[in-house]
Amino acid sequence: MKKFPKKIFPKVSFIGSGNIGGTCAHLMAMKNIADIVLFDIVKGLPQGKALDIAAAISIEGGEVSITGTNTYSDISDSDVIIITAGLTRTIKDNNAKPPLDRAELLSKNAKIIKKVAENIKKYSPNAFVIVITNPLDAMTWLFQKLSGLNRQMVVGMAGGLDSSRFCYFLGKELGVSPKNIHSFIIGEHGNNMVPLIRFSKVNDVPLDEFLNGRNNREEIINNVIKKTREAGGEIIKLMRASAYFAPAAAALDIALSYLQDKNKTILCSTLLNGEYDVHNLCVGVPVVIGSSGVKQIEELNLQNNEKEAFQKSIESIQTLTTTLKKIIL
Ligand code: APR
């Protein structure tokens, strides 16, 4: 029988094989487009997930490989690395305490990101890296600084997730498929996110125009923004774990745009060096992701009220980043 050479796939590594890492690895494996390495500090966890996902792939006849490991050198020469290592805001004691604020995660996750950055610099300095660990914008900044990777090769997964939530809630409200809704949520991944209603579209019609004539227009928009802002906390309250299906899907979207050179515009946290008049901070803005990483940062022309909200968001990220400099640098 004729033997075909084994296909060579790109390599995608996950640092952190918990809920988001494991789910994203599963989604990616089912697409049969990349060999996958799952890394975690917990012994057995990445190996167990890899075994489970390997069996799932075999049902579809997939050819990619999936490996679980506790050894950093196994991530060598990855094309993409997705970082989910860290603590979450999960309520540990039966609702007695409110969910941890993203900012409270700062110092613990910063120490983890430091270690991760050292190892990625050592074993995979040419990878395109997607940071998911919270507080997102501060962790993306810290990773970029400590790893020394080119700013085009580092993004934080943020606005894509917030926008998908906005599209879902708005679609439900209007009876329109979320697929036909476009939204822009920029700024901080957190309470100070900035939904840009003026740039939102439904069936290619500006949202404002689409809602024209409805006397509950303000109510609809405010309601959707509130639900979007609170979705993360609401999920924690309901299932006592932070969200992972949508974050995993949003990370996959970014990874695919890079691996397949899609040049898709995605809302990601990226290091701004003068764009939007912001210097040396990672902030969520629309970026074009293709085979060279962040190919372009799209600068939206903001109006005064939008600039004000964006500025508030920047100040919040700045506060966390300044604290980080004191703790880690
Ligand atoms: N190196 C590698 N992995 C680590 C490290 C470390 N130093 N420290 C912790 N981890 C692993 C944990 O063992 C765990 O398996 O990170 C994983 C995190 O997984 P979950 O607790 O399931 O968290 P998850 O829901 O995946 O969220 C991960 O993304 O959205 C953010 O706030 C969230 O910061 C959190 C991160």
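Parameters at a glance
- Residues numbered from 1 in each chain as written.
- Predicted model: local features only at pLDDT ≥ 70, side-chain atom pairs only at ≥ 80, totals over all residues.
- Heavy atoms only, no water.
- Helix = DSSP H or I, 4+ residues; strand = E, 2+ residues; numbered from the N terminus.
- Rg over C-alpha atoms; globule rule 2.2 N^0.38 Å.
- Buried < 20%, exposed > 50% of the residue type's maximum accessible area, 1.4 Å probe, protein only.
- Areas by Shrake-Rupley, 256 points an atom, 1.4 Å probe, with all protein chains shown as cover.
- Lys, Arg positive; Asp, Glu negative; His and termini not counted.
- Charge placed at Lys NZ, Arg CZ, Asp CG, Glu CD.
- Near = heavy atom within 4 Å.
- Polar contact = N/O pair within 3.5 Å; in protein donor to acceptor, adjacent residues only side chain to side chain.
- Nonpolar A, V, L, I, M, F, W, Y, C, P; charged D, E, K, R; others polar.
- Axes fitted to C-alpha atoms, helices over the stretch in contact; angles between N-to-C directions.
- Parallel < 35°, antiparallel > 145°, perpendicular 65-115°, else oblique.
- Left-handed = near helix turned anticlockwise from the far one by under 90°.
- Contact = heavy atoms within 4.5 Å.
- Salt bridge = Lys/Arg side-chain N within 4 Å of Asp/Glu carboxyl O.
- Expected span 1.5 Å × (residues − 1).
- Pairing = 2+ DSSP bridges.
- Disulfide = S-S within 2.5 Å.

A. How the structure looks around the overall build of the protein chain. The secondary structure content of the protein chain amounts to nine helices and 14 strands. For the protein chain, the C-alpha radius of gyration of 20 Å lies close to 20 Å, the compact-globule estimate for 329 residues. When its C-alpha atoms are laid out on the principal axes, the protein chain stretches across 70 × 50 × 45 Å. Across the 329 residues in the protein chain, those meeting the buried criterion constitute 51%. Split by element, the accessible area of the protein chain, about 15,600 Å² in all, is 51% carbon and sulfur. Taken together, the 39 basic and 32 acidic charged side chains of the protein chain have centroids lying 5 Å from each other.

B. Representation of the site of the ligand. Contacts to the ligand come from 20 residues, most closely from N19, I20, D40, T84 and L87. Within the backbone of I20, one N or O atom sits 2.8 Å away from an oxygen atom of the ligand. Here an oxygen atom of the ligand and a backbone polar atom of L87 are 2.9 Å apart. In the complex, the protein chains occlude 85% of the 730 Å² of accessible area that the ligand would expose alone. Where the shell around the ligand is concerned, the elements lending two or more residues are α1 (19-31) and α3 (106-123). Residue classes in the shell around the ligand are distributed as nine nonpolar, ten polar and one charged.

C. Seen up close, the packing of α3 against helix α9 (residues 304-327). With their axes 11 Å apart at the nearest point, α3 and α9 run at an angle of 60 degrees to one another. With respect to α9, the axis of α3 lies oblique. Seen from above, α3 lies across α9 with right-handed handedness. Touching L106, S107 and A110 of α3 are L320, T323, L324 and I327, all from α9. Looking at the contact of α3 with α9, its residues break down into five nonpolar, two polar and no charged.

D. Just the pattern of salt bridges, in detail. Across all of its chains, the model carries eight salt bridges by this definition. A salt bridge links E306 to R198; the nearest nitrogen and oxygen atoms lie 2.8 Å apart. A residue pair is termed long-range when its members are at least 10 positions apart, and E306 in helix α9 and R198 in the loop between β9 (193-195) and β10 (201-202) qualify at 108 residues. Because the salt bridges share partners, they merge into one network encompassing D208, R217 and E218.

E. Representation of unusual backbone geometry. Across the junction of N134 and P135, the peptide omega takes the value -5 degrees, indicating a cis bond. Within the secondary structure, P135 sits in the loop between β5 (128-131) and α4 (136-147). Phi at D277 takes a positive value of approximately 60 degrees, unusual for a residue other than glycine. On the secondary structure map, D277 appears in the loop between β12 (264-273) and β13 (279-290).

F. Seen up close, the packing of helix α5 (residues 159-174) against helix α7 (residues 217-239). Viewed as axis vectors pointing N to C, α5 and α7 meet at an angle of 130 degrees, and their least axial separation amounts to 9 Å. In this view, α5 runs oblique relative to α7, as classed from their interaxial angle. Crossing handedness for the pair α5 and α7: right-handed. Across from D162, R165, F166, F169, L170, E173 and L174 in α5, the residues of α7 making contact are I220, N223, V224, I225, K227, T228, A231, G232 and I235.

G. Just α4, in detail. A rise of 1.5 Å per residue sets the reference length of α4, with its twelve residues, at 16 Å; its end C-alpha atoms lie 16 Å apart and thus fit the reference within 8%. Turning to α4, its buried residues are L136, D137, A138, M139, T140, W141, L142, F143, Q144 and S147. Backbone geometry just after α4 places G148 at a positive phi near 75 degrees.

H. Representation of the side chain of S257. Mapping S257 onto the fold places it in helix α8 (residues 245-259). Only 2.8 Å separates the side chain of S257 from the backbone oxygen of I289, close enough to count as a polar contact.

I. Geometry of the sheet that holds β10. One open sheet accounts for three strands, arranged β7-β10-β11; its pairing is antiparallel. Since the sheet does not close on itself, it has two edges, and those belong to β7 (181-182) and β11 (205-206), each with one partner. Pairing geometry for β10 and β11, over two bridges, is antiparallel. If you follow K201 over to β11, its bridge partner there is P206.

J. Structural context of the state of the cysteines. A full pass over the atoms with the stated rule returns zero disulfides. Free cysteine: C24, not disulfide-bonded; nearest cysteine sulfur from C268 at 13 Å. The closest cysteine sulfur to the non-disulfide-bonded C268 is located on C282, 11 Å from its own sulfur. The buried category is assigned to C268, whose relative accessible area is 0%.

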